[in-house]
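Examination of the molecular architecture
Spelled out, the chains give:
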Amino acid sequence: ATTTVYQAENATVSQGVVESNHAGYSGTGFVNYDNVSGSYVQWSVTAAAAGSATLTIRFSNGTTTNRPMNIAVNGTTVASGVAFNGTGNWDTWQDVTVTATLNAGANTVRATATTANGGPNVDRLTAVENAAGGPSMA
Ligand code: GCU
C-alpha cells in the first residue's frame, strides 16, 4: 500500500490559522480552526490508482467537548459528524480514521467543523491506498 503524509500547514485553510505553540505536532505546525461552524482544512491527495483509501487525521483537542467534523472527498461527504473528542490537553494528539474511495490522480479531502466550537487542532492527514499495486504493476 502507498502511504503519503500531508501536513495540515501545507493544506488549504478556510477560517483557521497555522500555529506551532503546542508540542507534539509533525512538520512545522498545525492548524487551529477558528471557533466557528464551517471552518475547514482541505488537502489535495494524489492517488496512484482509483480505489479504497484509509484517511487518518491526527488531531488534538484540549477541551472536554467533542468537536465533530464532516469529511468530504471530491465534494461529497463520506463521513458525517466524525467525533474528535478531547485528548486531555493541547499537546496530546490522537488519530481518527475514515475510509473513502479516491479517484486516480488528484482528490480533495476536506474536514469541516460542524459546531460553533470549530474543529480541533489538526496536525496532518495520512492517506493509505489500500489496493494500490506494487512497483511491478502497470
Ligand atoms: C486554545 C488553544 C488553541 C485552540 C483553542 C480552541 O486557545 O491554545 O490551540 O485551537 O484553544 O479552543 O480552539
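Values in this document were obtained by computation on a predicted structure and should not be read as measured data. The written sequence of each chain sets the order in which its residues are numbered from 1. Restriction of local features to residues with pLDDT of at least 70 applies here, the model being predicted, together with a cutoff of 80 or more for giving and counting side-chain atom pairs; totals for whole chains, interfaces and linings are based on all residues. Computation of side-chain values: all heavy atoms of the structure, hydrogens and water removed.

Our focus in this paragraph is the sheet that holds strand β5 (residues 40–47). Through backbone hydrogen bonds, the strands of a sheet pair up, either in parallel or in antiparallel fashion. The antiparallel open sheet is built from five strands, whose spatial order is β2-β5-β10-β7-β8. Since the sheet does not close on itself, it has two edges, and those belong to β2 (12–14) and β8 (76–82), each with one partner. If you compare each strand with its neighbour and ignore which way they point, the axes differ by 20 degrees on average. At least two DSSP bridges between two strands are needed for those strands to be called paired. Note on conventions: DSSP H or I runs of at least 4 residues are helices, E runs of at least 2 residues are strands, and numbering of each starts at the N terminus. Bridging between strand β7 (residues 69–73) and β8 involves four bridges; their strand directions are antiparallel. What sits directly across from Ala-72, in β8, is Thr-77. Every axis in this analysis is a line fitted to C-alpha atoms, fitted for helices over the stretch in contact. Angles between the N-to-C directions lie between 0 and 180 degrees.

Below, the discussion takes up the pattern of salt bridges. Once their charged atoms are close, side chains differing in charge can pair, the charge on each being opposite to the other. Any carboxyl oxygen of Asp or Glu within 4 Å of a side-chain nitrogen of Lys or Arg constitutes a salt bridge here. Per the stated rule, a full pass over the model turns up one salt bridge. The salt bridge partner of Arg-58 is Asp-123, with a shortest N-O separation of 2.8 Å. Of this pair, Arg-58 sits in strand β6 (residues 51–60) while Asp-123 sits in strand β11 (residues 121–129), and the two are 65 residues apart along the sequence. Both residues of the pair, Arg-58 and Asp-123, belong to the buried class. Relative accessibility thresholds used throughout: buried, under 20% of the residue-type maximum; exposed, over 50%; partly exposed, between the two (1.4 Å probe, protein chains only).

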